[in-house]
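Chain residues, written in single-letter form:
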Number of protein chains: 2
Amino acid sequence: MPALEAIEGALEARGYRVTPARRAVLQAILSRPEHFTAEEVMRRARAGRATVFRTVRLLCELGLLCRVLLEDGRLHYRLLGPRRHHHHLVCVECGRVQDLEECAVGGLVRELASATGYEIQGHWLEFYGRCLSCREPDQGGVR
Amino acid sequence: MPALEAIEGALEARGYRVTPARRAVLQAILSRPEHFTAEEVMRRARAGRATVFRTVRLLCELGLLCRVLLEDGRLHYRLLGPRRHHHHLVCVECGRVQDLEECAVGGLVRELASATGYEIQGHWLEFYGRCLSCREPDQGGVR
DNA sequence: GCGATGATTGATACGAGGTATCACTGATGC
DNA sequence: GCATCAGTGATACCTCGTATCAATCATCGC
Ligand SMILES: [Mn+2]
Ligand SMILES: [Mn+2]
Ligand SMILES: [Zn+2]
Ligand SMILES: [Zn+2]
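Remember, it's a predicted structure, so these values are computed and weren't measured experimentally.

Enquirer: Which residues make up the protein's contact with DNA strand C, and what values do they have?
Expert: Around DNA strand C, 19 residues are found, and the nearest of them are A:Arg49, B:Thr19, B:Arg22, B:Thr51 and B:Arg54. Among all atoms of DNA strand C positioned within 4 Å of the protein, those belonging to sugar or phosphate total 56%. Within the backbone of B:Gly48, one N or O atom sits 3.2 Å away from a phosphate oxygen of DNA strand C. A distance of 2.7 Å separates a base nitrogen of DNA strand C from a polar atom in the side chain of B:Arg54. Every element with two or more residues in the surface near DNA strand C is listed here: α3 (38-44) and α4 (49-61) of chain A together with α2 (20-30) and α4 (49-61) of chain B. Sorting elements by how many residues they give to the surface near DNA strand C places α4(A) first, with four residues. When its residues are assigned to classes, the surface near DNA strand C shows eight nonpolar, three polar and eight charged.

Take a look at the structure:
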């Protein structure tokens, strides 16, 4: 999880200004739990609606945020470490999100490309389930 | 692609009535291209907004429609043959959608489950690219 | 047939989540 | 100093739904 300065550095490095509005959005994001909606950021950042959405989009484009697609189709955002393209495992009970280390469908993409003739450019892949701690009561585990 | 009578039969078989409003929605769907939004159905079916959305949801639940997640997060719908759970390959240029024969991440799901302890209950998986015909101009192919 | 019951409908309001406009502000470059 | 352009935010607007609720329709027991 990058610190404020790291994110601001990444913005400046790409020619974007670090303005008060952007800093407000960044602070709101850093104060949020592991994943959040743009609306939640809105409520905490002293910045206009359009600016919040623009900033979130910008951070996604720069690879500083990743988008987490929930099972019901809602979109959340999440700070991204230095990681590249990857996918998520979302606990539908407690909301915990686990980044999956890498993209496990690379082989599948190649197979599909040769089977269908498509030039495959991207994909969505998200998994949903119940995490270990949410399952524990089930199992009548220790204690 | 099921015909009107087949869909109506499926509704009746599960205890749902085939009403004029539902028939109007079905006809609008059958007149649409391979995938469509609920809004497009709205514009063609003489039926109230709520009814259109309710009917589309019902058809999804009954397995008569499948949901196609576009790259930008929008949701389209598509008539489903007798197929089960599967995924899509969407051409981002012409919009063509190809149903993938089966779910190719079953093995991955099992691996993930044992690696993470999650009980994995579902997933989203959609691929985006350019289909063969949309690529052809690229390649200076035959003719 | 008759009334009770439950399914279905559509007008309408509401809500989330996001984009388009556009006049304005504030840095930057010269 | 002035032109230019990135950034801003109020606001209107849009899509894609869901909630409400009174009206209607079909069915069923009698
Ligand atoms: Mn992530
Ligand atoms: Mn399909
Ligand atoms: Zn959990
Ligand atoms: Zn195509």
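Enquirer: An account of the pairing of strand β5 (residues 119-130) of chain A is requested, with residue identities and associated values reported.
Expert: Counted residue by residue, β5(A) has 10 buried out of 12 residues, so it is predominantly covered. Summarising the sheet, strand β3 (residues 87-91) of chain A and β5(A) pair through four bridges and their orientation is parallel. When the sheet's bridge partners are listed, A:Leu89 is paired in β5(A) with A:Phe127. In this structure, β5(A) lies alongside strand β5 (residues 119-130) of chain B, joined through 11 bridges in antiparallel fashion. Looking at β5(B), one finds that A:Arg130 is bridged to B:Glu119.

Enquirer: Residues and numbers for the relation of the copies chain B and chain A, please.
Expert: Screw-axis analysis of chain B against chain A gives a translation of 0.1 Å along the axis, an RMSD of 0.3 Å, and a rotation angle of 178°. What the rotation and shift describe, once combined, is the action of a two-fold rotation axis. No C-alpha of chain B approaches the rotation axis more nearly than that of B:Leu125, which lies at 2.2 Å. An overlap of 97% is found between the interface residues of chain B and their copies at the interface of chain A, pointing to a shared contact surface.

Enquirer: Tell me what's going on with the nonpolar core, and back it up with residues and numbers.
Expert: Grouped together as the largest cluster of nonpolar side chains are 26 residues, with contacts concentrated most on A:Val105, A:Ile120, A:Phe127, B:Val105, B:Ile120 and B:Phe127. At the level of secondary structure, the elements contributing two or more residues to this core comprise β3, α5 (106-116) and β5 of chain A together with β3 (87-91), α5 (106-116) and β5 of chain B. The contacts of A:Ile120, once residues within four sequence positions are left out, are A:Val109, A:Leu112, A:Ala113, B:Leu89, B:Phe127, B:Tyr128 and B:Gly129. Listed in part, the 25 residues of the second largest apolar core include A:Ala28, A:Met42, A:Val56 and A:Leu59.

Enquirer: Could you give me a rundown of the coordination of the manganese ion (ligand 2), with the residues and numbers involved?
Expert: Residues and elements named next belong to chain B. Around the manganese ion (ligand 2), the protein contributes the donor atoms Cys66 (SG), His86 (NE2), His88 (NE2) and Asp99 (OD), which lie 2.0 to 2.4 Å from the metal centre. Each donor residue of the manganese ion (ligand 2) lies on one chain, and together they are spaced C-x19-H-x1-H-x10-D. What makes histidine 86 buried here is its relative accessible area of 9%. Overall, histidine 88 belongs to the buried group, its relative accessible area being 1%.

Enquirer: Tell me about the coordination of the manganese ion (ligand 1), residues and numbers included.
Expert: Residue and element names in this part refer to chain A. Around the manganese ion (ligand 1), the donor atoms from the protein are Cys66 (SG), His86 (NE2), His88 (NE2) and Asp99 (OD), and they sit 2.0 to 2.4 Å away. Along the chain, the residues that donate to the manganese ion (ligand 1) are spaced as C-x19-H-x1-H-x10-D. With cysteine 66 in strand β1 (residues 65-69) and histidine 86 in the loop between β2 (75-79) and β3, the pair connects residues that are 20 residues apart, well separated along the chain. The pair cysteine 66 / histidine 86 is uniform in exposure class, with both members buried.

Enquirer: Just give me the short version of the interface of chain B and chain A, but keep the residues and values in it.
Expert: Taken together, the 35 residues of chain B in the interface contact 34 residues of chain A. The largest contributions to the chain B side of the interface with chain A come from B:Tyr118, B:Trp124 and B:Phe127, which together make up 24% of the buried area. Counting every contact that joins chain B to chain A gives two salt bridges. The residue A:Arg130 makes a salt bridge to B:Glu119 at a minimum N-O spacing of 2.9 Å. The tally of links from chain B across to chain A stands at 12 residue pairs in polar contact (both at pLDDT 80 or more).

Enquirer: An account of the pattern of salt bridges is requested, with residue identities and associated values reported.
Expert: Counted by the stated rule, this structure contains 14 salt bridges over all chains. Close ionic contact of B:Arg78 with B:Glu34 constitutes a salt bridge, the shortest N to O distance being 3.8 Å. Of this pair, B:Arg78 sits in strand β2 (residues 75-79) while B:Glu34 sits in the loop between α2 and α3 (38-44), placing them 44 residues apart in sequence. Classification of B:Glu34 by relative accessible area gives partly exposed; the value is 34%. One salt-bridge network, held together by shared partners, links A:Glu34, A:Arg78 and A:Asp99.

Enquirer: Account for helix α1 (residues 4-13) of chain A, naming residues and giving values.
Expert: Residue and element names in this part refer to chain A. Those residues of α1 that fall on the buried side of the exposure criterion are Leu4, Ile7, Glu8 and Leu11. Each buried residue of α1 lies within a common arc of 100° when the element is viewed along its axis, so the set occupies one face. Residues Glu5 and Ala13 are exposed on α1 and point more than 90 degrees away from its buried face. Within two residues after α1, glycine 15 carries a phi angle of roughly 90°, on the positive side.

Conventions and cut-offs
- Residues numbered from 1 in each chain as written.
- Chains lettered and ligands numbered in written order.
- Predicted model: local features only at pLDDT ≥ 70, side-chain atom pairs only at ≥ 80, totals over all residues.
- Heavy atoms only, no water.
- Near = heavy atom within 4 Å.
- Polar contact = N/O pair within 3.5 Å; in protein donor to acceptor, adjacent residues only side chain to side chain.
- Helix = DSSP H or I, 4+ residues; strand = E, 2+ residues; numbered from the N terminus.
- Nonpolar A, V, L, I, M, F, W, Y, C, P; charged D, E, K, R; others polar.
- Buried < 20%, exposed > 50% of the residue type's maximum accessible area, 1.4 Å probe, protein only.
- Pairing = 2+ DSSP bridges.
- Least-squares fit on C-alpha atoms with pLDDT ≥ 70 in both.
- Contact = heavy atoms within 4.5 Å.
- Core = buried A, V, L, I, M, F, W, Y, C linked by side-chain atoms within 4.5 Å.
- Donors = N, O, S within 2.8 Å, 3.2 Å for Na, K, Ca; no water.
- Buried area = accessible area lost by both parts, 1.4 Å probe.
- Salt bridge = Lys/Arg side-chain N within 4 Å of Asp/Glu carboxyl O.
- Arc of directions from axis to C-beta.

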